[in-house]
Amino acid sequence: MPGEPPLKGIKVLEFAGLAPGPFAGLMLADAGASVLRIDRPSSPTAPPASDLLTRHKASLAVDLKNPRGAALVRALAARADVLIDPYRPGVLEALSLGPAELHALNPRLVYARLTGFRRDGRFATMAGHDINYLAVSGSLALLGRAGAPPTPPANLLGDFAGGGAMLVQGVVMALLARERTGRGQVVEANMVDGASYLASFARLARRTPTWDRPRGENLLDSGCPFYDCYETADDGRWVAVGALEERFFFELVKRVEGLQGQGWEKGRRHDRAEWPELRRQMAAAFRAKTRAEWERVFEGTDACCTPVYDYGELEQDRARKEGDQRPAVTLRETPWLAVRKDAKNISHGQGPGVEGEGYIGRRLQPGSGGEETLKEWFGWSRGDQFEVEAGGGLVLKDKAKL
């Protein structure tokens, strides 16, 4: 029997936001932490958050501009382990919920702050989105095909990889340090530094033949014909080729009709002047068969050629196409919580799984499960420690026994 999830017992306050902050809360919740999202009370002028990264979370509706609402959050922070601040610098300080005030109440609190731009950089006071953070980090200039504008990878690299996931790494390190020091600390992540750190290899490789050419002309950025995607006979379907090493490229050439006997496997492929011709031949060859036919050709081989699946087909055929969503990592003794409802082994996580199984997100209504969480955390109940005001927000009860 597996042990409890690794973050079992960790209490997290997550201020409602979009994308990176909720993703950080999701990762902590999937690892077993109890995550309580602080929402505004919903109203015709303040609809519920559109966030779908709500798995395993509960919500409290609190009007932070109400002094008694802010007092309730301070009382929670005085007993919590982690707080996630997704706002621009100064927002929570203006509500007396900044790190100085809360660490005075709870020195063990890990106060996790996430911004887009650097807090001490020239863009600190400006609004921005993922594309802007990647732009000033240097990483966006690396992405895209030759002769084309830089291509933003949706908001995957900034919001989620460089933002939320990096923040969680900092939180876990701060919790580990707390075991040694007994004290929490402020954890500051930003998407500029996070994206730049993720680009470490590419940045360092700029002074090597791997990445010393303009965007889209290098080995790993679509410049190389044996590291790229090719359309198949069924329009709109693709295969991905990553046959970099000699033996893998030999396996590819053996199985793609029309490539044999032209010297590609004897070193011709290393001549960059020949790359356009090799790309032309590979494109024509892959267009001769459907993706399913290419799957049968390459399955079980070391040719480094795989189908490019989209999430629609992965959801429809999870078993064959490995579309079942799992925890990001497998901890053999203390696995994360399961995503899939019928998880049967540790690599799929533990517990009953969730509705939607990682393909259908569900909005968390303000206040959903929040009172139950307060009961579980501290034994608090309505009328004793807190009450609900007319607008629907929870507030700290006057003279509450905490």
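Residues numbered from 1 in each chain as written. Predicted model: local features only at pLDDT ≥ 70, side-chain atom pairs only at ≥ 80, totals over all residues. Heavy atoms only, no water.

Labelled according to an unreviewed UniProt entry, the protein appears under the name CoA-transferase family III domain-containing protein, originating from Corynascus novoguineensis. Listed under Sequence similarities (unreviewed entry) in UniProt, the entry text for the protein is "Belongs to the CoA-transferase III family." (UniProt positions renumbered as here; feature names shortened; annotations may be inferred.)

This next bit is on the environment of Lys-375. Tracing the backbone shows Lys-375 in helix 13 (residues 370-378). Taking the C-alpha atoms as reference, Lys-375 lies 26 Å from Thr-334; in sequence the two are 41 residues apart. (Helix = DSSP H or I, 4+ residues; strand = E, 2+ residues; numbered from the N terminus.)

Turning our attention to the nonpolar core. Counting residues in each nonpolar core, the largest one holds 28 residues, and the members touching the most others are Leu-13, Phe-15, Ile-38, Leu-60, Val-62, Leu-83 and Leu-374. Those elements that place two or more of their residues in this core are strand 1 (11-15), strand 2 (34-39), strand 3 (57-61), helix 2 (67-77), helix 13 and strand 11 (394-396). Looking at this core element by element, the count peaks at six residues for helix 2. Each residue touching Leu-83, except ones within four places of it in the same chain, is listed here: Leu-13, Phe-15, Ala-77, Leu-92, Leu-102, Leu-109, Val-110, Tyr-111 and Ala-112. (Core = buried A, V, L, I, M, F, W, Y, C linked by side-chain atoms within 4.5 Å. Buried < 20%, exposed > 50% of the residue type's maximum accessible area, 1.4 Å probe, protein only. Contact = heavy atoms within 4.5 Å.)

Scanning all chains against the criterion turns up 33 salt bridges. Taking the shortest distance from any N to any O, the salt bridge between Glu-295 and Arg-291 comes out at 3.7 Å. Of this pair, Glu-295 and Arg-291 both sit in helix 10 (residues 291-298), four residues apart, which is roughly one turn of the helix. Ionic contacts of the salt-bridge type, sharing partners, join the residues Asp-234, Arg-237, Arg-291, Glu-295 and Glu-313 into one network. (Salt bridge = Lys/Arg side-chain N within 4 Å of Asp/Glu carboxyl O.)

Its boundaries defined by the atoms lining it, the largest pocket holds a volume of some 1,000 Å³. Lining the largest pocket are 42 residues; nearest its centre among them are Ala-16, Gly-17, Leu-18, Pro-86 and Tyr-87. Broken down by secondary-structure element, the contributors of at least two residues to the lining of the largest pocket are helix 1 (20-30), strand 2, strand 5 (110-115) and helix 4 (130-137). Of the pockets and cavities examined, the second largest pocket occupies roughly 900 Å³. Lining of the second largest pocket is provided by 26 residues; of these, Leu-26, Leu-52, Leu-53, Arg-55 and Gly-358 occupy positions nearest its centre. By residue number, the principal contributor to the lining of the second largest pocket is helix 1, which donates four residues. (1 Å grid on protein atoms, 1.4 Å probe; cavity = no way out; pocket = protein on both sides within 12 Å on 5 of 7 lines; lining within 4 Å. Points joined across faces, edges and corners; volume = space filled by probe spheres on them.)

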